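What the coordinates show
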Amino acid sequence: LRILFEQFALPRLLRNLGADVLFNPGFTGPGKPGIPAVTVFHDLQHVRHPEYFKRRDLPFWNYLLRQSAKTSTAIIAVSEATRRDVIQHYSLPAEKVTAIHHGVDEEFFSLKRAPDTTAPLLLCVSTLHPHKNIERLVRVFGHLHPDFPSLRLVLAGMRGFRTQQIEALIRDLSLNKSVLLTGWIPREDLMELFAKATAFVYPSRFEGFGMPVLEAMAASVPVACSAIDVLRE
């Protein structure tokens, strides 16, 4: 419904409003906006890792994002790594794509840290999708657990495409009492987890930016993350 509105109703609305420019914050925009348009590309996962997409969804991603890349007056990429991907894949002039990094909520900088010393907490904030590499994290935690029985792992984030497999692995490794999957939680609960965390772990194999790593760093939580280009950046 959003895409139908965007393609067919939004151009008429823009004309009625007498708008000067259109800002598309999430990948896609109308094919014929009628005015200059600036579009944000957060990643090119559908190109780099199409195996993580449903077959029925992938053609829409390919078509709509290519259309957006070609018709937008300018493109914002959220990292230099994503900027390189966009320029290369869509054969765009370099000056059309600008990297503008995400900011971080100022609340993280003033967060009062209170790590639990009796039951250390490893925190990972992530949707449970395949590319997030959560199963490897659970397995590594399983190896650590006999030597550190009080250690806890909290996986905070939406239940994605890999949830059932992760839950099964936790059961198979008998880690039910030590690994917690929170699902989506309110912002204030998430901030409390950052405050209590002993360390933050982010093993993702692919990101367009990696906001949770920046949030953990802003909150002065020790971070261990994968060495992919965007997180080095």
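Because the structure is predicted, anything quoted here is derived from the model rather than measured.

**Some thoughts on the environment of Pro 36**
Among the structural elements, Pro 36 can be located in the loop between β1 (22-24) and β2 (37-41). On the basis of relative accessible area, Pro 36 is assigned to the partly exposed category, the value being 41%. Once the C-alpha coordinates of Pro 36 and Ala 19 are considered, the two residues, 17 residues apart in sequence, prove to be 9.6 Å apart. If we ignore the near neighbours within four places in the chain, the residues touching Pro 36 are Asp 20, Val 21, Leu 22 and Thr 73.

**Regarding the pairing of strand β7 (residues 179-183)**
Of the two faces of β7, the one lined by Val 179, Leu 181 and Gly 183 is fully buried and the one lined by Leu 180 and Thr 182 carries no buried residue. Where strand β6 (residues 152-156) and β7 come together, 4 bridges link them in parallel fashion. Within the sheet, the bridge partner assigned to Leu 155 lies in β7 and is Leu 181. Note that the unit made of β6, helix α6 (residues 163-172) and β7 has a crossover that is right-handed.

**Let's talk about the sheet that holds β6**
Spatial ordering of the open sheet is given by β7-β6-β5-β8-β9, a layout of 5 strands whose pairing is parallel. The strands lining the two open edges of the sheet, one partner per strand, are β7 and β9 (223-225). On average, adjacent strands in this sheet sit at an angle of 20° to one another, irrespective of strand direction. In this sheet, strand β8 (residues 199-202) lies alongside strand β5 (residues 121-125) in parallel orientation, the contact comprising 2 bridges. Residue pairing across strands places Leu 123 opposite Phe 200, the latter belonging to β8. Strand contacts of helix α5 (residues 134-144): β5, β6, β7 and β8, with the helix running at about 170° to β6, the strand carrying the most contacts.

**Side note on a nonpolar patch on the surface**
Together, Leu 1, Leu 4 and Phe 8 make up a nonpolar patch on the protein surface, roughly 420 Å² of accessible area in all. Checked against the element boundaries, Phe 8 lands in helix α1 (residues 2-17). Among the residues examined, Phe 8 registers a relative accessible area of 61% and is labelled exposed.

**Observations concerning the packing of aromatic side chains**
Scanning the model with the defined rule gives 7 aromatic pairs in all. Between Phe 108 and Phe 194 the ring centres are 5.2 Å apart and the planes differ by 90°, which places this aromatic pair in the edge-to-face class. Of this pair, Phe 108 sits in the loop between β4 (97-99) and β5 while Phe 194 sits in helix α7 (residues 187-196), placing them 86 residues apart in sequence. Under the relative-accessibility criterion, Phe 108 is labelled buried at 0%. Ring centres 6.0 Å apart and planes at 15° place the aromatic pair Phe 200 and Tyr 202 in the stacked group. Tyr 202 shares its class with Phe 200; the two are buried. Among the aromatic residues, those joined into a ring-pair cluster are Phe 27, Phe 41, Phe 53, Trp 61 and Tyr 90.

**Details of the sheet that holds β1**
Pairing within the open sheet is parallel, and its 4 strands lie in the order β1-β2-β3-β4. Looking at which strands have only one partner, the edges of the open sheet turn out to be β1 and β4. When strand polarity is set aside, the average angle formed by the axes of neighbouring strands in this sheet is 20°. With 4 bridges joining them, β2 and strand β3 (residues 74-77) adopt parallel strand pairing. By the bridge assignment, Phe 41 is partnered in β3 with Ala 77. In the packing of helix α4 (residues 80-90) onto the sheet, contacts are made with β2, β3 and β4, and the angle to β4 comes to roughly 165°.

Here is what the cut-offs are and how they apply
- Sequence order sets the numbering: in each chain, residues are counted from 1 along the sequence as written.
- Under the rules for a predicted model, residues below a pLDDT of 70 receive no local features and side-chain atom pairs below 80 are neither given nor counted, while totals for whole chains, interfaces and linings still include all residues.
- Side-chain numbers here rest on the full set of heavy atoms in the structure, without hydrogens or water.
- Strands here are runs of E lasting at least two residues and helices are runs of H or I lasting at least four, both read from the DSSP assignment and numbered beginning at the N terminus.
- Between buried and exposed lies partly exposed: a residue is buried under 20% and exposed over 50% of the maximum accessible area for its type, with that area taken using a 1.4 Å probe on protein chains only.
- Contact between two residues is taken to exist if any of their heavy atoms lie within 4.5 Å; hydrogens are not considered.
- Strand pairing requires that DSSP identify at least two bridges connecting the strands.
- A clockwise path from the first strand over the helix to the second, with the strands pointing away from the viewer, defines a right-handed crossover.
- The axes used here are C-alpha line fits, helices contributing only the stretch in contact, and every angle between their N-to-C directions lies in the interval 0 to 180 degrees.
- Residues forming no salt bridge and having over 30% relative accessible area are the ones grouped into patches, like charges within 9 Å of each other and nonpolar side chains (Val, Leu, Ile, Met, Phe, Trp, Tyr) within 5 Å.
- The method behind every accessible area is Shrake-Rupley, applied with a 1.4 Å probe, and residues are considered shielded solely by the protein chains displayed.
- Whenever Lys or Arg places a side-chain nitrogen within 4 Å of a carboxyl oxygen from Asp or Glu, that contact is recorded as a salt bridge.
- Here a Phe, Tyr or Trp ring, Trp counted by its six-membered ring, pairs with any other such ring whose centre lies within 6.5 Å, and the pair is stacked when the planes are under 30 degrees apart, edge-to-face when over 60, and tilted otherwise.

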